[in-house]
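Residue-level structural notes
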Amino acid sequence: MNTVGHISHGLWVHPSNTRHRFNDLDFWIEEAKLLEEGLFDAVFLADVIGTYDGYRGGPETALREGVQIPSNDPLLVIPAMAAVTKNLGFAATFSTTYEPPFAFARRASTLDHLTKGRFGWNIVTSYLPNAARNFGLEDEVAHDDRYGIAEEYLEVLYKLWEGSWDDDAVVRDRESRIYTDPSKVRYINHVGAHYRVAGPHLSEPSVQRTPVLFQAGSSARGKAFAARHAEGVFVGGTTIESYRTNVADIRGLADENGRGRDSVKTFASAVIVVDKDRESAMVKAEEYKKLSSAEGYLAHAGGGGIDLAAYPKEALISDILAAENRQGRDNSPENRRYAPGVTVGDALETLTRFDRSAFFVAGSPTDVADAIEGWVRDTDLDGFNLRQFLTPGTAEDFIAYVIPELQRRGLYRTKYEESTLRERLFGAGNTRLPDQHPGARYRGGAHLGDASAI
Ligand SMILES: Cc1cc2nc3c(=O)[nH]c(=O)nc-3n(C[C@H](O)[C@H](O)[C@H](O)COP(=O)(O)O)c2cc1C
């Protein structure tokens, strides 16, 4: 994330962490080079568009602790990283809830052009009440309504990215003085419940047209959305078994949508502390634990949830949600996070754990490779999103210790095949959306309605 502390709260104080350099373009250039050296598929950039001001009644804790504030725009660092790499992919987060789709469509096409087809988009609907207040609303749009908006948002984008221009629209014919053949470009004339967009799209077709679509919905509505649109899903879960179930669910739902079980690549967050041997890794993990900030984690959790500091430890979360009249009001993550019977004290203990993740391994290169191999075998996951404790330390450790072991086992590439991001995930020749994807239906201007000719 283009910020000092993404989800490893408190670790910014570690003497070898360079996260405070995130305002400096060289920080991103160095990071991109490192990840490409490590033959990573892509760098994932998270984002939020508000601050976490629900804990202790204000943003003070988030500010003191550097919890995703200060933070900058994730899209703007991509061209610098693309300029110094050839193969690394970029998956950046952008929210569908607050800004209308037309401008984002152009930004995404620009990035896909500049990266030569290495751009992916993590679709989020945003969960922070403060984000709503930054964009002119009194309060958050209800959870399921956000997904309703997102559906229409995607429809507009597909019309612009896939339907507005034909591949051969740009002719650049100096002799006949025609740059673009107008008969091959069209208005989209979208009119819906939330958006009216005329088009045409302002960018000519980029390498992938639609960027690779990532999503991380875990609610019923979120999963249904993923099954329709997502090509990469950040799967959630609390145990290895729940990951297995969630992966199977997503694949099953994608199949029901006519896309096929393998049309979606699934990823889990991997939280890894590795060193040359188990003992050294344990020492390192202990050091991270000591520097972790419980207050930081609570500020993060309180951003969209309940203010745990405001209640006694023995209070039941279900009673608090009922008293705040929120239970059942929507499907937001905080209403699903807590099992019945969980108290404020239980929640505090869980949320403040620095190693809170189903996939947490602190150990030797062999321990980590065993865990990765075992998880892929037992869950049917396709890959992992490596959480950073230190930048660049976490990636450096992974590259030095884990990748050689994975390569020895034949589980990790030894060189890149030059490709677009979509080909990286789905194989050579798959640069564009597959025909079964809902975005593909607008190709060639189909399904755009009547007044589409220019
Ligand atoms: C790996 C991962 C990364 C995520 N990144 C972001 C992000 O950058 N910004 C954001 O607003 N939400 C992010 N989320 C939250 C999801 O978009 C989503 O809101 C959450 O998983 C709850 O699902 P639901 O929206 O279906 O209730 C992320 C979730 C996961 C699992």
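This is a predicted model, so every value here is computed, not measured. (Residues numbered from 1 in each chain as written. Predicted model: local features only at pLDDT ≥ 70, side-chain atom pairs only at ≥ 80, totals over all residues. Heavy atoms only, no water.)

**As for the overall build of the protein**
When helices and strands are tallied, the protein shows 16 helices and 12 strands. Here the C-alpha radius of gyration of the protein, 23 Å, is about what a compact globule of 454 residues would show, namely 22 Å. Going through the 454 residues of the protein one by one, you find that 55% of them count as buried. Sequence separation of at least 24 residues holds for 76% of the intrachain contacts in the protein that already meet a minimum separation of 6. Here the protein displays about 20,100 Å² of accessible surface, and carbon together with sulfur accounts for 50% of that area. The average position of the 51 basic charges and that of the 65 acidic charges among the side chains of the protein differ by 3 Å. (Helix = DSSP H or I, 4+ residues; strand = E, 2+ residues; numbered from the N terminus. Rg over C-alpha atoms; globule rule 2.2 N^0.38 Å. Buried < 20%, exposed > 50% of the residue type's maximum accessible area, 1.4 Å probe, protein only. Contact = heavy atoms within 4.5 Å. Areas by Shrake-Rupley, 256 points an atom, 1.4 Å probe, with all protein chains shown as cover. Lys, Arg positive; Asp, Glu negative; His and termini not counted. Charge placed at Lys NZ, Arg CZ, Asp CG, Glu CD.)

**Notes on the domain arrangement of the protein**
Per the domain assignment, the segments of the protein are domain 1 (11-284 + 360-445) and domain 2 (293-353). Measuring from the centre of the C-alpha atoms in domain 1 to the corresponding centre in domain 2 gives 28 Å. Listed per partner, the contact involves 18 residues of domain 1 and 17 residues of domain 2. Summing the contributions of domain 1 and of domain 2, the shared interface buries around 1,500 Å²; its carbon and sulfur component is 54%. With its nearest N and O atoms 3.1 Å apart, the salt bridge here joins Arg56 to Glu295. Going through the elements one at a time, helix H2 (60-65) and helix H6 (143-163) are the ones with two or more residues in the side of domain 1 that touches domain 2. With three residues, the single largest contributor to the side of domain 1 that touches domain 2 is H2. (Domains from an automatic or database assignment. Buried area = accessible area lost by both parts, 1.4 Å probe. Salt bridge = Lys/Arg side-chain N within 4 Å of Asp/Glu carboxyl O.)

**Points about the nonpolar core**
Burial of nonpolar side chains together is a common tendency in soluble globular proteins. In terms of nonpolar packing, the biggest core is built from 75 residues, with Phe40, Met81, Phe104, Trp121, Ile272 and Phe398 touching the most fellow members. For this core, the element with the most residues is H6, which contributes 10 residues. By size, the runner-up hydrophobic cluster in this structure holds 16 residues, among which are Leu298, Ile306, Ala315 and Ile320. (Core = buried A, V, L, I, M, F, W, Y, C linked by side-chain atoms within 4.5 Å.)

**Considerations on empty space enclosed by the protein**
Tallying each qualifying case throughout the model produces one cavity of 30 Å³ or more. If you add up the space inside the largest cavity, you get close to 50 Å³. Along its surface, the largest cavity is lined by Ile272, Val273, Val274, Lys284, Tyr288, Phe389, Thr394, Asp397 and Phe398. Residues that form the lining of the largest cavity fall into these classes: six nonpolar, one polar and two charged. (1 Å grid on protein atoms, 1.4 Å probe; cavity = no way out; pocket = protein on both sides within 12 Å on 5 of 7 lines; lining within 4 Å. Points joined across faces, edges and corners; volume = space filled by probe spheres on them. Nonpolar A, V, L, I, M, F, W, Y, C, P; charged D, E, K, R; others polar.)

**Comments concerning the pattern of salt bridges**
Tallied over the entire structure, the rule returns 30 salt bridges. A salt bridge links Lys159 to Glu155; the nearest nitrogen and oxygen atoms lie 3.2 Å apart. Of this pair, Lys159 and Glu155 both sit in helix H6, four residues apart, which is roughly one turn of the helix. On the accessibility criterion, Glu155 (28% relative accessible area) is partly exposed. For Glu231, the salt bridge identified is with Arg422, shortest N-O distance 2.8 Å. Of the two residues, Glu231 is situated in the loop between helix H7 (220-229) and strand S9 (232-234) and Arg422 in helix H16 (residues 421-426); the sequence distance between them amounts to 191 residues. Across this residue pair, the class does not change: Glu231 and Arg422 are buried. Bridged by salt links that share partners, the residues Asp370, Glu373, Glu405, Arg408 and Arg409 form one connected network.

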